[in-house]
Amino acid sequence: MRYFCTILLCLMPAFSWADSSFFKREQWDFSGYLKLVFQAPNNQPTAIEMDDLSLFVSAHINRWFNPFIEAELYSIPLWESGQGLQFNQAKFTIERLYNDIQFDEENTLRLGKFLSPVSRWNILHAAPLVWTTNRPIATRYSFANYISGLNIRHEFDLFSGHALEFYWQPYQEFYAKPTTKQDRHYQTVLGAAWILQDDISAYYAFNVQYADVKDRRENRTTLSFDAFLHRDYFDFETQWLVTFVDSNQAQHHAQDWGGYTQFSVPIPLDLHIISRYEHFQFSDKTVANNTLLTGLVYRPYSKLSLKLEWQQTWGSVYKNGTGLYASVAVLF
Amino acid sequence: MKLKYLLLCFIFNFLAPVTCWADIYIITHAETKVPSISRKELAAIYLLKKNYWPDDSPIVPLNLPAQNALREQFSLDIFKRSTREMGEYWNKMSFKGVKPPITQASEQAALLFIQRVPNTIAYVGDKPPENKQVKILLQLKN
């Protein structure tokens, strides 16, 4: 019932303001992406999996009705060493479901389920848009990745993307993935993002987020900075964060902290060399995680990428251990 | 002596740029209540960051096909990015639910569209005659 109410709240302004142009085909857009992963981590079975098959539909009807929905099938195992071919599992989730109300050019209210702006990687996490098969721990582990509630955005400068955002999740996440795929579920979440620049060549942002963990006496306060720089001869990106953990569970440290730095350099034949280093200290583990990743990406078109990477992990291993990883990602 | 000049002309011919860029004219429907725009505003319009004219009517930017030479010139001039590099930007925007500006097959088609539909904006290589249907907002000199 509460899910139905959330959807209704998102759509209500739309139906009251929608005009006769509501069903014009050119106002609706259908697209999606898929990611096929080959992974051979040390001491684990080699496997091929379709990790994401995502479809999104958006529309721009008027100032009051700009809906967006992303539905996703994920964790679809196709083949595993010792078990052979398999086509018998798939999980489904609603990744995003929101409506944007544009009060004017500078001020937008978003209602529904959306991605939290704590990291640029989180906002643009689709496989064809990122350089590696594996995602850095800092971009996902410590904070609420999804918000089900509202977001208010104010633009200071439309061209540079200088903006301020405030968001609030009053209750809990709508259609949350199970904790095998998500590190924890959250109840109340409050946050703000100060985006200094977000244009075709650069992105810089500071973030703060407070989140209550569901079914646990734990709250987490995250401070984060992330940046992206695009130049003719390289892409550079980085994120560093600290999350203060207040919990009744056993902790080795008072906070999670860490970050990563990544370079992508184009070489001939539509190839790119990727290199990344990440350091991450978990509050509940004694030893920090250090990860070095190097790889090659073949991107003949901007909508298609083939990735091959080697990841070496030391210390506390999270979900992505040492090994060889490859993937094909297509945006359609 | 003549042979020397011929040789110099021959070498110069090879060194001269292959393409010669012309000016680009940013045009809109004559009824659009804006006398001119800046390069920054133009960029914001074509990145779909600025979506409304000052009188609150929606802006409809028109693009040319990805292979079009004038589009490449426009893209390099305004964004300092090739059409292909801009494709990556539009992929990211597509993930955020924003689709790129609509495309017209040729400059003539864009001009016809401008003449018929208010609030549209486009770019053309040849200076159009300013009349009751079309006006020039900006000239990008090269």
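As the structure is a computational prediction, the values presented were derived from the model and not from experiment.

1. Thoughts on the overall build of chain A
For step 1, the next point in the chain: Scanning chain A for helices and strands turns up two helices and 17 strands.
For step 2, the next point in the chain: Computed over its C-alpha atoms, the radius of gyration of chain A comes to 20 Å, within 12% of the 20 Å expected for a compact globule of 332 residues.
For step 3, the next point in the chain: A buried classification covers 36% of the 332 residues belonging to chain A.
For step 4, the next point in the chain: The long-range fraction of contacts in chain A, counting pairs at least 24 apart against all pairs at least 6 apart in sequence, stands at 55%.

2. Describing the pairing of strand S9 (residues 186-198) of chain A
All names here are of chain A.
For step 1, the next point in the chain: In terms of strand pairing, strand S8 (residues 162-169) meets S9 through seven bridges, oriented antiparallel. Of the residues in S9, the one forming a bridge with Tyr167 is Gly191.
For step 2, the next point in the chain: Linking S9 to strand S10 (residues 202-213), which pair antiparallel, is a turn of three residues.

3. A few points about the sheet that holds strand S4 (residues 120-124) of chain B
All names here are of chain B.
For step 1, the next point in the chain: If you walk across this open sheet you meet the five strands as S3-S2-S4-S1-S5, and the pairing is mixed. Strands at the two margins of the open sheet, each flanked by one partner only, are strand S3 (102-103) and strand S5 (134-140).
For step 2, the next point in the chain: The sheet contact formed by strand S1 (residues 24-29) and S5 spans six bridges and is antiparallel. Within S5, the position partnered with His29 by the bridge is Val134.
For step 3, the next point in the chain: Strand contacts of helix H3 (residues 69-79): S1, strand S2 (60-63), S4 and S5, with the helix running at about 95 degrees to S1, the strand carrying the most contacts.

4. Digging into the interface of chain B and chain A
For step 1, the next point in the chain: Taken together, the 19 residues of chain B in the interface contact 16 residues of chain A.
For step 2, the next point in the chain: Among the secondary structure elements, those contributing two or more residues to the side of chain B that touches chain A are helix H2 (39-46) and helix H4 (83-95) of chain B.
For step 3, the next point in the chain: Among the elements that line the side of chain B that touches chain A, the one with the most residues is H4 of chain B, at eight residues.
For step 4, the next point in the chain: Taken together, the residues of the side of chain B that touches chain A break down into six nonpolar, five polar and eight charged.

5. Topic: unusual backbone geometry
For step 1, the next point in the chain: One non-glycine residue, Tyr175 of chain A, adopts positive backbone phi at about 55 degrees.
For step 2, the next point in the chain: Along the chain, Tyr175 of chain A turns up in the loop between S8 and S9.
For step 3, the next point in the chain: Phi at Lys80 of chain B takes a positive value of approximately 60 degrees, unusual for a residue other than glycine.
For step 4, the next point in the chain: As for its position among the elements, Lys80 of chain B is in the loop between H3 and H4.

6. Here's the deal with the confidence of the model for chain A
For step 1, the next point in the chain: Taken over all residues, the pLDDT of chain A has a mean of 89, while the share at 70 or more is 92%.
For step 2, the next point in the chain: Within chain A, the element-level pLDDT minimum falls on helix H1 (residues 2-17) of chain A, averaging 42, and the maximum on S8 of chain A, averaging 98.

7. Focus on helix H5 (residues 107-116) of chain B
Working note: α-helix, 3.6 residues per turn, so residues spaced by three or four point in the same direction.
Residues and elements named next belong to chain B.
For step 1, the next point in the chain: For H5, the complete set of buried residues consists of Glu107, Ala110 and Ile114. The buried residues of H5 occupy an angular sector of 60 degrees when the element is viewed end-on, so they sit on one face. Turned more than 90 degrees off the buried face of H5, the exposed positions are Gln108 and Arg116.

8. Quick notes on the confidence of the model for chain B
Residues and elements named next belong to chain B.
For step 1, the next point in the chain: Here chain B shows a mean pLDDT of 84. Residues at 70 or above account for 85%.
For step 2, the next point in the chain: Within the model, pLDDT remains below 50 along residues 13-18, and this stretch shows zero contacts once partners closer than five positions in the same chain are excluded.
For step 3, the next point in the chain: Among the scores for the predicted complex, ipTM is 0.83 and pTM is 0.85.

How each quantity is defined
- Residues numbered from 1 in each chain as written.
- Chains lettered and ligands numbered in written order.
- Predicted model: local features only at pLDDT ≥ 70, side-chain atom pairs only at ≥ 80, totals over all residues.
- Helix = DSSP H or I, 4+ residues; strand = E, 2+ residues; numbered from the N terminus.
- Rg over C-alpha atoms; globule rule 2.2 N^0.38 Å.
- Buried ≥ 20, exposed ≤ 12 C-beta atoms within 10 Å, placed from the backbone.
- Contact = placed C-beta atoms within 7 Å.
- Pairing = 2+ DSSP bridges.
- Axes fitted to C-alpha atoms, helices over the stretch in contact; angles between N-to-C directions.
- Nonpolar A, V, L, I, M, F, W, Y, C, P; charged D, E, K, R; others polar.
- pLDDT = per-residue confidence, 0-100.
- Arc of directions from axis to C-beta.

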